[in-house]
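# An overview of the molecular structure
Below, each chain spelled out in residue letters.
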Amino acid sequence: MPKLTLPVRLALLVAGTMLPLIVFAVGIVFHNYQRDRQAATQRVLETARSIRLLLDAEMQRMTGGLQVLALTDSLRDSDFGNFRRVATGFLDQYGKDGVVLVADRRGRQAFSSLTPDTASLPPRNNLEIVEKVFTTRQPQYSNLFFGEVKQQLIITVEVPVIRDGEVLYDISFSPPIEVFQAMIEKQRLNQDWTISIFDGDGVNLARVPNPHATIGQRASPTLFAEMFRRSEATLPTVSLEGVALITGFTRSHVTGWTVAAGIAENSLVAPLWRSLAITSVIGSILLLVGLGFAVRMATTIARGEMLHDLLIEELNHRVKNTLAILQSIATQTFRSASRAERDKFEGRLGALAEAHNLLSTDKWQGSDLQDVISRVLRPYLLNASERVRMFGPRVPLSPRLALVLSMLLHEMATNAAKYGALSNDTGTVTLDWEILDDGPGPKLRMIWTEAGGPPVAEPVQRGFGSRLIERSARDQLGGQATVDFLPHGVVYTVTSTLESGD
């Protein structure tokens, strides 16, 4: 096998070094894509669950309001004049498009919030759900249908009116569809997301994007079939607009409706191809630069070796000539000497020559309080941002105070998530802070107030978290911390001395 030239060897060295790095970079890109895809799959399902919880809470609030109306004496006594004033108070929270109807078992309307002239109103056209209310004596939630009174697509919440153990009326509320549309629009993260609320028949009652063109339409075939096989799942689908999506859906056990959220596949694939293109271009440029550098270095090295070999050969020639002259001089000088002495000297010169032949052959700084709070509470704000309210001015903190306050806020949020207001679906937390200037130096006061959580009882023994909050505030913040276990929720009050740099 012929010996490879120096340029070829250097080129192979560069290629053997760069190509594995390029393959490794491509592998990292694909790994990140797979990880982003898995995260997106989990995120769409979590988004659908979050919207379903909001939807269930809103529907239960509507149902509770109707149940309160159903218990009023004016409705039970069929005093619809007085009942109209009560119903108006309920409707005020939903705007002008909400409608309350009261009908008997045959669907004849005894009351309408739209007009006192009920005789001119047509009977209810969804008698099936009216009969279900009278039969089950439980609240019911309709699918999307065309309302005769509103003359548009509506859904209704139906509640029985019971007197003396018998169902007297069915009171129904038709909320504005915009309530559900606004709910999903607030949860839409960006333009790559498609979010829908489907009724029990798989028909869109709220959707983004294109609500006007899609409300009243069934779910896309790729999603519709799965919606009735499982109550919750993630899967690839194609939207009504023909966009490939990664979709997660979950069905409400309260209403029987389904919430679906999907993110465009292209939003994940496009960055993949972009990263691959960038990696390939950069890798190719580096490879070409490396090969060019290798060829240039090989040429330089080859020229140097040629010059080196030439100099060595010239040196050898001159040294040999010098040694030959020395040998001739020695022969003439030692002519009268004995043979043994002459041989000894010539032997030394020969050794010097051999050594020369042998040598000739062998040729490497601080943060803002708002930012601190947002960062610590970020896990609790992802799916329930409206449950945590924050009020206060901008307060710059030194690194030491930012660290200690982060620990205290983390402890409060952890306690709230385990035992307090954030441990259920209805609790809220309000965090207020202010600057106090009534002392020798400015102080920061923070008040953490919980409400709507489980019943509060003062613990018999303080845990490590409470002691941590109190001691940290006293020893490291130069202030104090108090914990009040009030009936409506826990209240933390923390004061801190602000340092001169804050």
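Before reading on, note that the structure itself is shown above.
The text that follows walks through the structure, step by step, so that each part is easy to find. None of these values were measured; they are calculated from a predicted model. Along each chain, residue indices are assigned from 1 in the same order as the chain's sequence is written. Since the coordinates come from a predicted model, pLDDT governs what is reported: local features require at least 70, and pairs of side-chain atoms require 80 or more to be given and counted, while whole-chain, interface and lining totals use all residues. To get the side-chain values, all heavy atoms of the structure are used, and hydrogens and water are removed first.

## Some thoughts on helix α4 (residues 127-136)
What counts here: Exposure classes here rest on a 1.4 Å probe applied to the protein chains alone. A residue is buried below 20% of its type maximum, exposed above 50%, and partly exposed in between. In DSSP terms, a helix is any run of H or I states spanning at least four residues, a strand is any run of E spanning at least two, and both are numbered starting from the N terminus. Directions from the helix axis toward the C-beta atoms define the arc. We call two residues in contact whenever any of their non-hydrogen atoms come within 4.5 Å of each other.
Of all the residues in α4, the buried ones are Ile129, Val130, Val133 and Phe134. Burial along α4 is one-sided: seen end-on, the buried residues are contained in an arc of 145°. Looking at α4, the residues exposed on the side facing more than 90 degrees away from the buried face are Glu128 and Thr135. Against the buried residues of α4 lie β1 (99-103), β3 (140-141), β6 (157-163) and β7 (166-174). Following α4 by one or two positions, Arg137 adopts a phi angle in the positive range, close to 60°.

## Regarding the nonpolar core
The following threshold applies: Put simply, a nonpolar core is a bunch of buried Ala, Val, Leu, Ile, Met, Phe, Trp, Tyr and Cys residues held in one set by side-chain atoms that sit within 4.5 Å of each other.
Ranked by internal contacts, the top residues of the largest apolar core, which has 45 residues, are Met59, Phe83, Ile171, Phe180, Ile197 and Trp257. Counting residues per element, this core draws most heavily on helix α1 (residues 6-70), at ten residues. Ignoring anything within four residues of it in the chain, the contact list for Ile197 reads Leu55, Phe180, Ile184, Val203, Asn204, Leu205, Ala206, Trp257, Thr258 and Val259. Counting 35 residues, the second-largest nonpolar core is a separate cluster that includes Leu369, Val372, Ala416 and Trp448.

## Observations regarding the packing of aromatic side chains
In plain terms, the rule: The rule is short: rings of Phe, Tyr and Trp, with Trp giving its six-membered ring, pair when the centres are within 6.5 Å, and they are stacked under 30 degrees, edge-to-face over 60, tilted in between.
All told, the structure shown has eight aromatic pairs when counted by the stated rule. When the ring of Phe90 is compared with that of Phe173, the centres are 5.0 Å apart and the planes differ by 75°; the resulting orientation is edge-to-face. Of this pair, Phe90 sits in helix α3 (residues 80-91) while Phe173 sits in strand β7, placing them 83 residues apart in sequence. When its relative accessible area of 0% is taken as the criterion, Phe173 is described as buried. Where Phe224 meets Phe228, the ring centres are 5.0 Å apart and the plane angle is 65°; that geometry is what we call edge-to-face.

## A few points about the sheet that holds strand β8 (residues 193-198)
Short version of the rule: Strand pairing is defined by DSSP finding a minimum of two bridges between the two strands. Geometry is summarised by axes, namely lines fitted to C-alpha atoms with helices restricted to the contacting stretch, and by angles between N-to-C directions that run from 0 to 180 degrees.
Taken in spatial order, the five strands of this open sheet run β9-β8-β12-β11-β10, and their pairing is antiparallel. The outermost strands of the open sheet, each flanked by one partner alone, are β9 (204-208) and β10 (232-238). Each strand of the sheet is rotated relative to its neighbour by a mean of 20°, with strand direction disregarded. As defined by bridge partners, strand β11 (residues 244-251) adjoins strand β12 (residues 258-264) across seven bridges and the pair is classed as antiparallel. Bridge assignment links Thr250 to a residue of β12, and that residue is Val259. Docked against the sheet, helix α5 (residues 178-187) engages β8 and β9, running at close to 30° with respect to β9.

## Concerning helix α10 (residues 369-381)
Short version of the rule: What a helix should span is 1.5 Å times the count of its residues minus one. Two axes enter the definition of the bend at a residue: one is fitted to the seven residues ending there, the other to the seven starting there, and the bend is the angle between them.
Under the 1.5 Å per step criterion, the end-to-end length of α10 is 17 Å for 13 residues, consistent within 8% with the ideal 18 Å. Of all the bends found along α10, the most pronounced is centred on Arg375 and spans about 40°, while Pro379, a proline, follows it within four residues. Buried within α10 are the following residues: Leu369, Val372, Ile373, Val376, Leu377 and Leu381. At its buried positions, α10 is contacted by β13 (367-368), β14 (388-391), β15 (396-397), α11 (399-418), β16 (428-436) and β17 (443-451).

## Topic: the pattern of salt bridges
Quick reminder of the rule: Salt bridge, as used here: a side-chain nitrogen of Lys or Arg that lies within 4 Å of a carboxyl oxygen of Asp or Glu.
According to the stated counting rule, one finds twelve salt bridges in the structure shown. For Arg52, the salt bridge goes to Asp56, with nearest N and O atoms at 3.9 Å. Taken as a pair, Arg52 and Asp56 lie in helix α1 at a separation of four residues, close to a single helical turn. Its salt-bridge partner being Glu226, residue Arg230 comes within 2.8 Å of it at the nearest N-O pair. When salt bridges that share partners are traced, they join Arg124, Glu158 and Asp170 into one network.

## What to know about the sheet that holds β7
What the five strands build is an open sheet, ordered β2-β1-β7-β6-β3; its pairing is antiparallel. Edge positions in the sheet fall to β2 (109-112) and β3, since each of these pairs with one other strand and no more. Bridge analysis of β6 against β7 gives seven bridges, and the strand direction is antiparallel. By the bridge assignment, Val159 is partnered in β7 with Ile171. Across the sheet, α4 touches β1, β3, β6 and β7, and the angle it forms with β7 is around 135°.

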